[in-house]
Number of protein chains: 8
Amino acid sequence: MTKAFVLISTETGVEPLLQEEIKQLDGVKEVYQLFGEYDILAVVEENSDRDVQKTISWELRKIKGIRGTNTMIVAK
Amino acid sequence: MTKAFVLISTETGVEPLLQEEIKQLDGVKEVYQLFGEYDILAVVEENSDRDVQKTISWELRKIKGIRGTNTMIVAK
Amino acid sequence: MTKAFVLISTETGVEPLLQEEIKQLDGVKEVYQLFGEYDILAVVEENSDRDVQKTISWELRKIKGIRGTNTMIVAK
Amino acid sequence: MTKAFVLISTETGVEPLLQEEIKQLDGVKEVYQLFGEYDILAVVEENSDRDVQKTISWELRKIKGIRGTNTMIVAK
Amino acid sequence: MTKAFVLISTETGVEPLLQEEIKQLDGVKEVYQLFGEYDILAVVEENSDRDVQKTISWELRKIKGIRGTNTMIVAK
Amino acid sequence: MTKAFVLISTETGVEPLLQEEIKQLDGVKEVYQLFGEYDILAVVEENSDRDVQKTISWELRKIKGIRGTNTMIVAK
Amino acid sequence: MTKAFVLISTETGVEPLLQEEIKQLDGVKEVYQLFGEYDILAVVEENSDRDVQKTISWELRKIKGIRGTNTMIVAK
Amino acid sequence: MTKAFVLISTETGVEPLLQEEIKQLDGVKEVYQLFGEYDILAVVEENSDRDVQKTISWELRKIKGIRGTNTMIVAK
């Protein structure tokens with residue numbers, strides 16, 4: 001099991017809608033809008049690093065309006 | 001009462017005009033053009049965190065030419 | 001209710017012990033060791049921003065071995 | 001007249017006391033404790049860039065417990 | 001006299017041409033392409049902070065292909 | 001001989017394809033997709049700093065979908 | 001198999017000696033001194049994320065003179 | 001010939017004295033105190049990357065009061 005916290009920068013003006021869209025993804029357990037350097041935090045849980053990478057590269061980052069991600073894998 | 005300092009990155013070449021536009025928003029008390037990593041600083045004051053978030057997500061970040069924001073909530 | 005994600009930099013060589021110590025604090029709901037720019041992530045929940053600030057300033061940051069914190073308040 | 005926003009990182013566990021100490025300095029108009037990458041924000045106003053630099057280098061940064069500063073000069 | 005070092009991020013693939021264009025600006029004394037977080041460094045000298053700000057906001061940042069700037073004013 | 005590690009930010013949704021395209025470049029010895037602040041790491045080896053700069057400015061950064069690069073030259 | 005690039009900040013004045021010491025660690029395959037935001041890059045390879053974390057937390061970060069680390073896990 | 005811009009973070013309260021000390025080093029051509037994320041900028045010129053690295057690792061970073069450096073090599 002791999003857990004990851006994904007800090008997300010979004011295009012401006014769309015972050016409330018994105019929050020809803022990200023919540024629909026399999027593998028995404030929680031989504032929050034944040035004050036700070038990043039706009040949204042998504043908590044991802046998958047069976048392996050490889051599956052986390054797939055969810056982020058092939059699903060999350062393909063959502064229109066997401067500008068960039070910074071993924072922090074849980075080490076323990 | 002929640003006070004927040006919002007550091008703003010803008011598209012290049014538009015920051016003097018943006019400064020004027022941001023000043024018009026309710027909840028925005030002061031606006032400055034800066035030297036440094038960010039282009040503009042806006043000081044926001046609202047009744048609650050929730051209202052600060054609304055002003056930033058639904059008004060400030062919807063202004064054309066704003067590329068990103070980093071909001072620092074005053075803790076005390 | 002205020003929820004906050006606190007990214008923590010620690011002195012080197014002490015982060016596994018700190019993780020245990022941070023878990024003991026009231027107001028801290030979850031603690032993770034991370035790969036990335038920060039060493040530990042703590043999830044804090046309190047009744048208000050003020051209480052989150054007290055937990056971070058007066059308890060969490062007083063733990064020996066913590067070098068710095070970056071707190072992201074949940075906006076929604 | 002030069003106005004500057006000084007973002008301050010502090011040693012952990014001392015930031016509430018530092019806030020009071022920084023407030024005593026001539027040239028410092030406002031001081032806030034923040035959530036985010038920095039711990040304290042000081043607003044400095046002096047007659048010139050040179051005087052802002054003196055206040056920061058010779059007074060503010062000499063206060064015990066301040067670890068680093070990031071000064072943003074107001075451009076307009 | 002105000003001297004400033006302006007760290008510049010550019011669109012990818014255009015930085016060698018931009019270097020030439022930035023060199024043409026009054027107030028710009030030196031221009032370098034860099035390895036690191038930023039792509040180009042421009043050294044600006046003007047009579048005042050205000051004039052540095054004008055050169056950066058109204059000339060340099062209006063050049064097509066410049067994505068962002070981080071200006072460090074020389075304090076002494 | 002100059003060796004450089006190039007941290008690359010990409011447009012979202014294209015990083016797996018970019019990884020393949022970057023691998024084709026002369027001078028690029030290894031390419032990895034990363035978790036963290038950057039999306040891709042490329043290891044570049046050329047005869048001189050100048051040649052590293054040419055590969056990065058004239059080839060790598062001209063690939064569509066690359067948003068920015070942070071090059072760290074090996075010192076020893 | 002998990003591969004990780006570990007960016008390391010060191011105390012000043014000790015980085016050439018640290019480079020030698022880090023090279024001795026099992027799991028560390030390559031070590032470089034860098035120009036840029038970080039001082040040293042170590043390439044770590046272990047059987048799992050868990051083992052990478054052990055090498056970094058329990059061995060690498062316990063070396064005197066290391067101030068902080070930023071670990072980027074290879075996703076693919 | 002290799003030219004490098006070295007951004008320097010210093011212990012607080014010592015930066016004006018450090019500026020003088022850094023100026024004495026062979027290979028250091030100019031030194032400035034800055035407003036921004038870094039405290040001092042040193043311009044280094046040497047015959048090669050290797051010599052720049054020696055000046056920075058063996059001389060500049062050995063000066064007491066320097067906390068960290070970020071070196072940007074000039075690419076062209």
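Residues numbered from 1 in each chain as written. Chains lettered and ligands numbered in written order. Predicted model: local features only at pLDDT ≥ 70, side-chain atom pairs only at ≥ 80, totals over all residues. Heavy atoms only, no water.

**Q** Just checking my understanding: could you explain the overall build of chain A for this structure?
**A** For chain A, the count of helices and strands is two helices and four strands. Listing every helix and strand of chain A by position from the N terminus yields β-α-β-β-α-β. A globule of 76 residues ought to have a C-alpha radius of gyration of about 11 Å, and chain A, at 11 Å, matches this closely. Its C-alpha atoms give chain A principal-axis dimensions of about 35 × 20 × 15 Å. Counting every position in chain A, which comprises 76 residues, the buried fraction comes to 68%. The long-range fraction of contacts in chain A, counting pairs at least 24 apart against all pairs at least 6 apart in sequence, stands at 63%. For chain A, the exposed area adds up to about 2,900 Å²; of that, 45% sits on carbon and sulfur atoms. Positive and negative side-chain charges in chain A, numbering 10 and 13 respectively, have mean positions lying 5 Å apart. (Helix = DSSP H or I, 4+ residues; strand = E, 2+ residues; numbered from the N terminus. Rg over C-alpha atoms; globule rule 2.2 N^0.38 Å. Buried < 20%, exposed > 50% of the residue type's maximum accessible area, 1.4 Å probe, protein only. Contact = heavy atoms within 4.5 Å. Areas by Shrake-Rupley, 256 points an atom, 1.4 Å probe, with all protein chains shown as cover. Lys, Arg positive; Asp, Glu negative; His and termini not counted. Charge placed at Lys NZ, Arg CZ, Asp CG, Glu CD.)

**Q** So what exactly am I meant to see when it comes to the relation of the copies chain H and chain E here?
**A** Here two copies of a chain appear, and what relates them is a rotation about an axis with a shift along it. Overlaying chain H on chain E yields an RMSD of 0.0 Å, the required transformation being a rotation through 180° with an accompanying axial translation of 0.0 Å. Taken together, the rotation angle and the small translation identify this as a two-fold axis. Taking the C-alpha atom as reference, chain H places Phe5(H) closest to the rotation axis, 5.2 Å from it. Most of the interface of chain H is mirrored in chain E, where 100% of its interface residues are also at the interface. (Least-squares fit on C-alpha atoms with pLDDT ≥ 70 in both.)

**Q** For this particular structure, what's the right way to read the arrangement of the chains?
**A** Contact between chain C and chain E is absent, and the least distance between their C-alpha atoms amounts to 16 Å. Without any contact between them, chain C and chain H keep their closest C-alpha atoms 14 Å apart.

**Q** Would you take a moment to explain the interface of chain H and chain E for this structure?
**A** Size of an interface: often given as the accessible area lost when the parts come together. With 18 residues of chain H at the interface, the matching set in chain E holds 18 residues. When the area that chain H buries against chain E is broken down by residue, the three leading residues are Phe35(H), Met72(H) and Lys76(H), summing to 30%. For the pair chain H and chain E, the number of links is zero salt bridges. Put simply, chain H and chain E have eight residue pairs in polar contact (both at pLDDT 80 or more) between them. Listed by contribution, the elements that provide at least two residues to the side of chain H that touches chain E are strand S1 (2-10), helix H1 (15-23), strand S2 (28-33) and strand S4 (66-73) of chain H. Broken down by class, the residue content of the side of chain H that touches chain E amounts to eleven nonpolar, three polar and four charged. (Buried area = accessible area lost by both parts, 1.4 Å probe. Salt bridge = Lys/Arg side-chain N within 4 Å of Asp/Glu carboxyl O. Polar contact = N/O pair within 3.5 Å; in protein donor to acceptor, adjacent residues only side chain to side chain. Nonpolar A, V, L, I, M, F, W, Y, C, P; charged D, E, K, R; others polar.)

**Q** Help me out: how do you make sense of the interface of chain D and chain B in this one?
**A** Taken residue by residue, the interface counts 17 residues in chain D and 17 residues in chain B. Taken together, the two surfaces of chain D and chain B that pack against each other cover about 1,700 Å², and 63% of this comes from carbon and sulfur. Counting every contact that joins chain D to chain B gives zero salt bridges. Viewed at the interface, chain B and chain D are joined by eight residue pairs in polar contact (both at pLDDT 80 or more). Put simply, the parts of the chain that give the side of chain D that touches chain B at least two residues each are strand S1 (2-10), strand S2 (28-33) and strand S4 (66-73) of chain D.

**Q** What exactly am I supposed to notice about the pairing of strand S4 (residues 66-73) of chain F here?
**A** Within a regular strand, the side chains alternate between the two sheet faces. Residues and elements named next belong to chain F. For S4, a buried count of seven out of eight residues is recorded, marking the element as mostly surrounded by other parts of the structure. Across seven bridges, the pairing between strand S1 (residues 2-10) and S4 is antiparallel. By the bridge assignment, Ser-9 is partnered in S4 with Gly-68. (Pairing = 2+ DSSP bridges.)

**Q** I keep staring at the sheet that holds strand S3 (residues 40-46) of chain B and nothing clicks. Help me out?
**A** The strands making up a sheet associate through hydrogen bonds between their backbones, and the pairing can be parallel or antiparallel. Residues and elements named next belong to chain B. Reading across from one edge, S2-S3-S1-S4 is the order of the four strands in this open sheet, with antiparallel pairing throughout. Both outer strands of the open sheet, strand S2 (28-33) and strand S4 (66-73), are each paired with one neighbouring strand and no more. Within the sheet, the average angular offset between the axes of one strand and its neighbour, ignoring direction, is 20°. (Axes fitted to C-alpha atoms, helices over the stretch in contact; angles between N-to-C directions.)

**Q** So what exactly am I meant to see when it comes to the pattern of salt bridges here?
**A** When the charged atoms of two side chains with opposite charge come close together, those side chains can pair. With the rule as written, the count across this model stands at 32 salt bridges over all chains. Between Glu20(F) and Lys23(F) there is a salt bridge, and its shortest N-O distance comes to 3.6 Å. You can see Glu20(F) and its partner Lys23(F) sitting in helix H1 (residues 15-23), three residues apart, about one turn around the helix. Taking the relative accessible area as the measure of exposure, Lys23(F) reaches 41% and is therefore partly exposed. Because the salt bridges share partners, they merge into one network encompassing Glu15(A), Asp39(A) and Arg61(B).

**Q** Please explain the environment of Glu46(D) as it appears in this structure.
**A** All names here are of chain D. Along the chain, the position of Glu-46 falls in strand S3 (residues 40-46). A relative accessible area of 17% places Glu-46 in the buried class. Along the primary structure Glu-46 and Lys-3 are separated by 43 residues, whereas in three dimensions their C-alpha atoms are 6.7 Å apart. Apart from residues lying up to four places away in sequence, Glu-46 is in contact with Met-1, Thr-2, Asp-26, Gly-27, Asp-51, Val-52 and Thr-55. One polar contact links Glu-46 to Thr-55, side chain to side chain, over a distance of 2.6 Å.

**Q** Would you mind showing me how to read the sheet that holds strand S4 (residues 66-73) of chain E here?
**A** Residue and element names in this part refer to chain E. Read across the open sheet, the four strands follow the order S2-S3-S1-S4; overall the sheet is antiparallel. Each edge of the open sheet carries a strand with a single partner, namely strand S2 (28-33) and S4. Across this sheet, the average inter-strand angle for adjacent strands is 20°, counted without regard to direction. For strand S1 (residues 2-10) and strand S3 (residues 40-46), the ladder comprises seven bridges, and the chain directions are antiparallel. Bridged to Ile-8 within S3 is Ile-40.

**Q** Hey, could you run me through the side chain of Arg61(F) in this one?
**A** Turning to its location among the elements, Arg61(F) is positioned in the loop between helix H2 (49-59) and S4. Apart from residues lying up to four places away in sequence, Arg61(F) is in contact with Thr10(E), Glu11(E), Thr12(E), Gly13(E), Glu15(E), Asp39(E), Ile56(F), Gly68(F) and Thr69(F).

**Q** I'm lost on helix H1 (residues 15-23) of chain A in this one. Help?
**A** What sets the pattern is the α-helix's 3.6 residues per turn: residues three or four places apart point alike. If you check which residues of H1(A) are buried, you get Glu15(A), Pro16(A), Leu18(A), Gln19(A) and Ile22(A). For H1(A), the angular spread of buried residues about the axis comes to 160°, placing them on one side. (Arc of directions from axis to C-beta.)

**Q** Would you take a moment to explain the environment of Gln19(C) for this structure?
**A** Counting through the fold element by element, Gln19(C) comes out in helix H1 (residues 15-23). For the pair Gln19(C) and Lys29(C), spaced ten residues apart in sequence, the C-alpha separation works out to 12 Å. In contact with Gln19(C), not counting residues within four places along its chain, are Lys76(A), Val31(C), Tyr32(C), Gln33(C) and Ile40(C).

**Q** In this structure, what is going on with the side chain of Asp49(H)? I would like to understand it.
**A** Tracing the sequence through the fold places Asp49(H) in helix H2 (residues 49-59). One buried charged residue, Asp49(H), remains without a salt bridge, the closest side chain of opposite sign being Arg50(H) at 8.7 Å. When neighbours within four sequence positions are excluded, Asp49(H) is seen to be in contact with Asp49(F), Ile73(F), Phe35(G) and Thr2(H).

Read these as layout, nothing more, since geometry by itself doesn't imply function.
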